[in-house]
Amino acid sequence: MEEEEILAISLETIMETEKLFRTKLINSLAGIRQVAMIGTKSKDGHENLTIFNSLIHLGAHPPLFGLLSRPNSVERDTLRNIKESESYTINFLDKKFVKEAHQTSARYAKNQSEFEATGFTPEYVANCSSPFVQQASIKIEMKLKQILNIEINSTIIIIGQIVKVHIPEARLAEDGLVKPDDLLLSGGLDAYYSSEFITQLPYAKP
């Protein structure tokens, strides 16, 4: 059997590669992540929906999630809406919605609703001012707590606290484990996967 060739790619080589290749390489190298559809609404009433693959668990006491936003060098509707309203939703979709979810990454005009453009239905629940995705399997209401500016590359971390979780009973185990079966995952800018349960192990001790 022929030995597989191993590439050793230095920082210098990485920085010399074409920009899109470099972006895909580093983005997908970070691994497969949950696709998070972020729903927001501007102060003048325009609904916005966009795809993120940078959801970060920051802690459970209190329950905090982080979202990594690209540099604010161009207009970022989602970031602006979150700053203005301090409200947003996180929505997890089944894998069958992969094409519609990906399409929300297109740069639509500020007054163009990605919900309408991609066929998703905005849903308002109780007192949440931001739209959920009606088709989502799991829906989370979030409240903005902090914005962190990362100086080294001008990216922004949006930190929010969970206000309410809407989840089907069948997806929640007795011990609190959320079952992500068939939910949409992302491994880069344009590569998508679905989850597969392997096993659940007991708490590790020496």
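Higher on the page you've got the structure.
Here we summarise the structure given alongside this text. (Residues numbered from 1 in each chain as written. Predicted model: local features only at pLDDT ≥ 70, side-chain atom pairs only at ≥ 80, totals over all residues. Heavy atoms only, no water.)

**Here's the deal with the layout of surface pockets**
Applicable threshold: Put plainly, a pocket is an open set of points on a 1 Å grid over the protein atoms alone with protein on both sides within 12 Å along at least five of seven lines, a cavity is a set where a 1.4 Å probe fits but cannot get out, and a lining residue has an atom within 4 Å of a point. Grid points are joined across faces, edges and corners, and a volume is the space filled by probe spheres set on the points. In this description a helix means any DSSP run of H or I spanning at least four residues, a strand means any run of E spanning at least two, and both kinds are numbered starting from the N terminus. Charged residues are taken to be Asp, Glu, Lys and Arg, nonpolar residues to be Ala, Val, Leu, Ile, Met, Phe, Trp, Tyr, Cys and Pro, and polar residues to be all remaining types, Gly included.
Taken as a whole, the largest pocket encloses approximately 1400 Å³ of empty space. Those elements giving two or more residues to the lining of the largest pocket turn out to be α2 (19–29), β3 (47–52), β5 (63–69) and α3 (77–85). Across the lining of the largest pocket, the residue classes tally to 14 nonpolar, 15 polar and ten charged. In this structure, the second largest pocket occupies an estimated 310 Å³ of space. In this structure, the second largest pocket is lined by R33, Q34, L55, I56, H57, G59, A60, P63, L64, F65, F92 and I162. Contributing elements (two or more residues each) for the lining of the second largest pocket: β1 (33–34), β4 (55–60) and β5. No other element matches the five residues that β4 contributes to the lining of the second largest pocket. Counted by class, the lining of the second largest pocket contains eight nonpolar, three polar and one charged residues.

**Topic: the pairing of strand β2 (residues 36–41)**
The line we're drawing: Under the scheme applied here, a residue whose accessible area is under 20% of the maximum for its type counts as buried, over 50% as exposed, and between as partly exposed, the area being computed with a 1.4 Å probe on protein chains only. A pair of strands counts as paired when DSSP detects no fewer than two bridges linking them.
Summarising burial for β2: five of the six residues are buried, a large majority. Between β2 and β3, which pair antiparallel one after the other, the connecting turn spans five residues, and G45 there sits at a positive phi close to 95 degrees. Bridging between β2 and strand β6 (residues 87–92) involves three bridges; their strand directions are antiparallel. Across the sheet, residue M37 finds its bridge partner in β6, namely N91.

**Quick notes on the sheet that holds strand β10 (residues 155–166)**
In plain terms, the rule: Structural elements are reduced to axes, namely lines fitted to C-alpha atoms, with helices fitted over the stretch in contact, and the angle between N-to-C directions of any two is expressed from 0 to 180 degrees. Note on contacts: a residue pair qualifies if any of its non-hydrogen atoms lie within 4.5 Å across the two residues.
As summarised here, the arrangement of the seven strands in space is β3-β2-β6-β9-β10-β5-β4, forming an open sheet in which the pairing is antiparallel. Here the strands that pair on one side only, and so sit at the sheet edges, are β3 and β4. Taken pair by pair, the neighbouring strands of this sheet meet at an average axis angle of 35 degrees, ignoring direction. Sheet topology places β4 next to β5; five bridges connect them, and they run antiparallel. The partner of H57 across the bridge, within β5, is F65. Running at roughly 55 degrees to β2, α3 makes contact with β2, β3, β5, β6, β9 (138–150) and β10 of the sheet.

**A closer look at α2**
Inclusion rule: Polar contacts here mean pairs of N or O atoms no more than 3.5 Å apart (in protein, one a potential hydrogen donor and the other a potential acceptor; neighbouring residues in sequence count only if both atoms are side-chain atoms).
Its side-chain oxygen 3.1 Å from the backbone nitrogen of L20, E18 forms the N-cap of α2. Following α2 by one or two positions, G31 adopts a phi angle in the positive range, close to 105 degrees.

**Description of the pairing of β5**
Of all seven residues that make up β5, five are buried, and the element is covered over most of its length. Two elements, β5 and β10, share six bridges in a ladder whose sense is antiparallel. Bridging across to β10, G66 finds its partner in I159.

**Details of unusual backbone geometry**
With an omega of 5 degrees, the peptide bond between H61 and P62 qualifies as cis. Along the polypeptide, P62 turns up in the loop between β4 and β5. Phi at A126 takes a positive value of approximately 50 degrees, unusual for a residue other than glycine. For A126, a relative accessible area of 67% translates into the label exposed. Here the phi dihedral of D182 falls at roughly 65 degrees; this positive angle occurs in a residue that is not glycine. Of note, D182 is situated in the loop between β10 and β11 (184–186). According to the relative accessible area criterion, D182 is partly exposed, its value standing at 38%.

**Some details on α3**
When we look at burial in α3, the residues that qualify are D77, T78, L79, R80, N81 and I82. Summarising the contacts, the buried residues of α3 are in contact with β2, β3, β5, β6, β9 and β10. In the stretch just after α3, E86 is the one whose phi turns positive, near 60 degrees.

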